[in-house]
Amino acid sequence: MNYLTVEKVHKIIELATVRRLHQQSKFTSEHDLKDSKVLSKELVELLHERQTPGTPIYMLSDYVHKLSEIELAEAIALMLLGRGHSDEQPSEFSDLVNEAQGVPAHYLIEQAPLAKYLRSGLEKLNLAQQEN
């Protein structure tokens, strides 16, 4: 990674973890998921949370949107590498960065196991042990 610092990756991991824990605490039963009114309500709540300062999804979204275009591309590439995208190898990281150019920030934000993918990407690039 040439532009995105490991510290910033750790901050995204931290915010993604908080978001994930917050989402899990709000998870409804399978029975409720079959009800379209419940699904509509949850979608409205999510959209509201994304615009409400202080909520986990807002904080993650705000942080990611403040990254430069190249930092965002590197974050997406790191996530793709960690996810095992097309069996990409660390040596192909720059190709992934090029592929990620122009991908909107919400693509990164909406990855459910984002923290896991970023940690795995750092491991593949041998950057996991660097302090944040």
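Every chain is numbered independently, its residues counted from 1 as its sequence is written. Selection of residues for local features in this predicted model requires a pLDDT of at least 70, selection of side-chain atom pairs for listing and counting requires 80 or more, and totals for whole chains, interfaces and linings are taken over all residues. Only heavy atoms go into the side-chain values, all of them from the structure, while hydrogens and water stay out.

1. Some words on the side chain of R19
By the element assignment, R19 lies in helix α1 (residues 6-25). The buried label goes to any residue with under 20% of its type's maximum accessible area, the exposed label to any with over 50%, and the partly exposed label to all in between, with areas taken from a 1.4 Å probe on protein chains only. Only four residue types enter the charge count: Lys and Arg as positive, Asp and Glu as negative, with His and the chain ends excluded. Take a side-chain nitrogen of Lys or Arg and a carboxyl oxygen of Asp or Glu: if they are within 4 Å of each other, that pair is a salt bridge. Comment: no salt bridge for buried R19; closest opposite-charge side chain is E110, at 8.0 Å. A contact between two residues is defined here by any heavy atoms of the two lying within 4.5 Å. Beyond its immediate sequence surroundings of up to four residues, R19 is in contact with P56, I57, L60, I109, E110, Q111 and A112. Only DSSP runs of H or I covering at least 4 residues are called helices, and only runs of E covering at least 2 are called strands; the numbering of each starts at the N terminus.

2. Digging into the packing of helix α5 (residues 69-83) against helix α6 (residues 93-100)
Convention adopted: a line fitted to C-alpha atoms gives each axis, helices being fitted over their contacting stretch, and angles between N-to-C directions are expressed from 0 to 180 degrees. Orientation of α5 relative to α6, taken along the N-to-C sense of each, is 120°, at an axis distance of 8 Å. On the basis of their axis angle, the class for α5 and α6 is oblique. Classified by chirality, the crossing of α6 by α5 is right-handed. Counted together, I70, A73, E74, I76, A77, L78, L80 and L81 of α5 and F93, L96, V97, E99 and A100 of α6 form the full contact between these two elements. For the contact of α5 with α6, the per-class residue count stands at 11 nonpolar, no polar and two charged. In what follows, roughly perpendicular refers to angles from 65 to 115 degrees, roughly parallel to angles under 35, roughly antiparallel to angles over 145, and oblique to any angle outside these ranges. Note: crossing handedness is left-handed where the near helix turns anticlockwise from the far helix by less than a right angle, and right-handed where it turns clockwise. Gly is put with the polar residues, along with every residue not named as nonpolar or charged; the nonpolar set is Ala, Val, Leu, Ile, Met, Phe, Trp, Tyr, Cys and Pro, and the charged set is Asp, Glu, Lys and Arg.

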